[in-house]
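Examination of the molecular architecture
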Amino acid sequence: MVSLPSVRVLRVGHRFVRDDRTLTHLCLTSRALGAEAIYLEEVEPDIARSISRVNATWGGDFQVIEEKSWRDVIRKAKKEARTVVHLTMYGVPIQEKVSELRKSKKLLVVVGGPKVPREVYFAADYNIAVTSQPHSETAALAIALHEIQNGEELKKDFGKSTLRIIPKDRGKRVIRS
Ligand SMILES: C[S@@+](CC[C@H](N)C(=O)[O-])C[C@H]1O[C@@H](n2cnc3c(N)ncnc32)[C@H](O)[C@@H]1O
């Protein structure tokens, strides 16, 4: 089995309104698609509870980490020799850089919220676009994680869990383990 790179996700940007749904989707998408942790500026108790419930039910130990300073997260990532990949519609198309990105064993993937500080573009090792059209951080993150890991994340084993899905053509089969 191919080993997955170590991928962490950082969400940068102030929240003008509470957007728990977007943040929850970012956490769930990061977890399902092979990342090991996400850094958020603020972790609402509801989000922390919901992700730890998902871990307990479906496996794995995905972490949601509160970190007020995105600069500190990037600084620490660089010290750990993580490749810092900022997703932005203004960046270089992912298809032009994906073979380089696949060589990294450790990455920090950065997504923005409503407003991304200019400094992030210069702190990143790569500014990468998933099309040069505006869409959403969750969509951009999902495609970037999938491309960077060459689809291997789809086979990730989440280990011990309370419930496990037995995939079926039709209907639902879930077993308790
Ligand atoms: C709603 S957008 C905000 C766009 C905002 N105008 C900005 O400052 O970039 C939120 C985030 O989604 C991601 N995103 C949106 N479209 C993207 C694209 N085409 N390629 C890569 N990332 C994208 C980026 O991480 C962006 O910061």
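For the structure itself, look to the data block above.
These lines cover the structure that appears in this document, whether it is placed above or below. Position labels on residues start from 1 in each chain and follow its written sequence. Thresholds applied to this predicted model are a pLDDT of at least 70 for local features of residues and 80 or more for the giving and counting of side-chain atom pairs; totals over whole chains, interfaces and linings are not thresholded and use all residues.

1. Some points on the environment of Glu44
Stated formally: Elements are defined by DSSP. Helices are runs of H or I of four residues or more, strands are runs of E of two residues or more, and each kind is numbered from the N terminus.
Here Glu44 lies in the loop between strand S2 (37–40) and helix H2 (45–58). Remark: the alpha-carbon pair of Glu44 and Arg18, spanning 26 residues in sequence, is separated by 9.6 Å.

2. Here we look at H2
To keep things clear, this is the line we draw: Multiplying 1.5 Å by the residue count of a helix minus one yields the expected span of that helix.
In this model H2 runs 20 Å from its N-terminal to its C-terminal C-alpha over 14 residues, within 8% of the 20 Å that 1.5 Å per residue would give. Note on H2: the residue one or two positions beyond its end, Gly59, has a positive phi of about 100°.

3. Things to note about the site of the ligand
Our working definition: We call a residue near a molecule or strand if the C-beta atom, set from the backbone, is within 6 Å of it.
In the vicinity of the ligand there are 17 residues, among which Leu87, Met89, Gly112, Glu137 and Ala140 approach most closely. Elements with a contribution of two residues or more to the shell around the ligand: strand S4 (83–93), strand S5 (106–112) and helix H6 (137–148). Considering every element that reaches the shell around the ligand, the biggest residue donor is S4, with three residues.

4. Topic: the pairing of S5
Condition: Burial in this document is a count-based property: other C-beta atoms within 10 Å of a residue's C-beta are tallied, and the residue is buried at 20 or more, exposed at 12 or fewer, or partly exposed in between, with C-beta positions derived from the backbone. Between any two strands, at least two bridges found by DSSP are needed for them to pair.
Where burial is concerned, most of S5 is hidden: five out of the seven residues are buried. Pairing between strand S1 (residues 6–12) and S5: seven bridges, direction parallel. Among the inter-strand pairings, Arg11 is bridged to a residue of S5, identified as Val111. One ladder, built from four bridges, connects S4 with S5; its direction is parallel. What sits directly across from Thr83, in S5, is Leu107.

5. Quick look at the packing of helix H1 (residues 20–32) against H6
How two helices pack is summed up by the angle between their axes together with the distance between the axes. Inclusion rule: Geometry is summarised by axes, namely lines fitted to C-alpha atoms with helices restricted to the contacting stretch, and by angles between N-to-C directions that run from 0 to 180 degrees. For classification, angles of less than 35 degrees are called roughly parallel, those exceeding 145 degrees roughly antiparallel, those between 65 and 115 degrees roughly perpendicular, and all remaining angles oblique. Two residues form a contact once the distance between their C-beta atoms, set from the backbone, is within 7 Å. Amino acid classes used here: Ala, Val, Leu, Ile, Met, Phe, Trp, Tyr, Cys and Pro are nonpolar; Asp, Glu, Lys and Arg are charged; the rest, including Gly, are polar.
At a minimum axis distance of 10 Å, the contact between H1 and H6 shows a crossing angle of 5°. Of the possible angle classes, the one that applies to H1 and H6 is roughly parallel. Across from Thr22, His25, Leu26, Thr29 and Ser30 in H1, the residues of H6 making contact are Glu137, Thr138, Leu141 and Ala142. Across the contact of H1 with H6, the residue classes break down as three nonpolar, five polar and one charged.

6. Remarks on the nonpolar core
The line we're drawing: Working definition: the nonpolar core is a set of buried Ala, Val, Leu, Ile, Met, Phe, Trp, Tyr and Cys residues, joined through C-beta atoms within 7 Å.
With 39 residues, the main nonpolar core has Val85, Leu87, Val109, Val110, Leu141 and Ala144 as its most contacted residues. What Val110 contacts, discounting residues up to four positions off in sequence, is Leu10, Val12, Val84, Val85, His86, Leu87, Val120 and Ala124.

7. So, the sheet that holds S1
Sheet architecture is open: six strands sit in the order S3-S2-S1-S5-S4-S6, paired in parallel fashion. Each edge of the sheet is formed by a strand with only one pairing partner; in this case those strands are strand S3 (63–66) and strand S6 (126–129). Across this sheet, the average inter-strand angle for adjacent strands is 30°, counted without regard to direction. For S2 and S3, the ladder comprises four bridges, and the chain directions are parallel. Across the sheet, Leu40 pairs through a bridge with Glu66, a residue of S3. On top of the sheet, helix H4 (residues 94–101) reaches S4 and S6; it is set at about 165° to S4, its chief contact.

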